[in-house]
Amino acid sequence: EANASWAVYADENFTQPISLPLQLQVGNNTFYIKVQREGEDDFNSYTLNLYMKNFVADLEELSVSAGELSPEFDKDTLHYTLWLKGNDDKVAFLPKVLDASGATVTVNGVAVAYGSWSSELPMEIGENAPVLIKVTAEDSSYTKTYTITPIRLSGNSNLAGISLSAGTLSPA
């Protein structure tokens, strides 16, 4: 109406006015609008609920069930080597997203629930196929893929042979 004024508040009692533009947080945002005709005590009130999706696609932590990740995990580092001992024939991953509100994680294309371990992946001696951990933000427009190259060392520490460039070996 031409002779009406309106204001936006943070509380339903209209005691905490908010200036424009509205500042949104990830998740639910509730605002209360009061519309009042000039010179009248009565007013109409409206509730405005806005939901802002998360656009963060970072891991906060990455744990492994076996071996040692190199370099040490950092959310901004995308490529790692996972060094496994000879008896580490399987490995699982525990990816923890930076912001749990809606981001999803897959390990080699298989969804992993927040706070859960991935399925165990079999590891062969030597360099294995890279493991891809993909984080997709709630709004689906942002993704980040972490690549882990597992290397399983041989469990055999026996000397297979020796040759000399000069001299003799005793006992033979």
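Details of the structure are given in the entry above.
Residues numbered from 1 in each chain as written. Predicted model: local features only at pLDDT ≥ 70, side-chain atom pairs only at ≥ 80, totals over all residues. Heavy atoms only, no water.

1. Let's talk about the packing of aromatic side chains
So, point 1. Scanning the entire structure with this criterion turns up five aromatic pairs.
So, point 2. A centroid spacing of 5.7 Å and a plane angle of 25 degrees characterise the contact between Phe-73 and Tyr-80, whose relative ring orientation is stacked. The residues Phe-73 and Tyr-80 share a single accessibility class, namely buried.
So, point 3. Taken together, a centroid distance of 5.7 Å and an interplanar angle of 50 degrees make the contact between Phe-73 and Tyr-146 tilted. (Phe/Tyr/Trp six-rings, centres within 6.5 Å; stacked < 30°, edge-to-face > 60°. Buried < 20%, exposed > 50% of the residue type's maximum accessible area, 1.4 Å probe, protein only.)

2. Re the sheet that holds strand E2 (residues 17-18)
So, point 1. Spatially, four strands are ordered E2-E1-E3-E4 in an open sheet, and the strand pairing comes out antiparallel. Sheet topology places E2 and strand E4 (43-52) at the edges, where each strand pairs with a single neighbour.
So, point 2. In terms of strand pairing, strand E1 (residues 4-9) meets E2 through two bridges, oriented antiparallel. When the bridges of E2 are listed, Tyr-9 appears paired with Pro-17. (Pairing = 2+ DSSP bridges. Helix = DSSP H or I, 4+ residues; strand = E, 2+ residues; numbered from the N terminus.)

3. Side note on the side chain of Thr-149
So, point 1. Its location among the elements puts Thr-149 in strand E15 (residues 143-152).
So, point 2. Once you skip the residues sitting within four places of it in the chain, Thr-149 turns out to touch Tyr-80, Thr-81, Leu-82, Glu-127, Asn-128 and Pro-130. (Contact = heavy atoms within 4.5 Å.)

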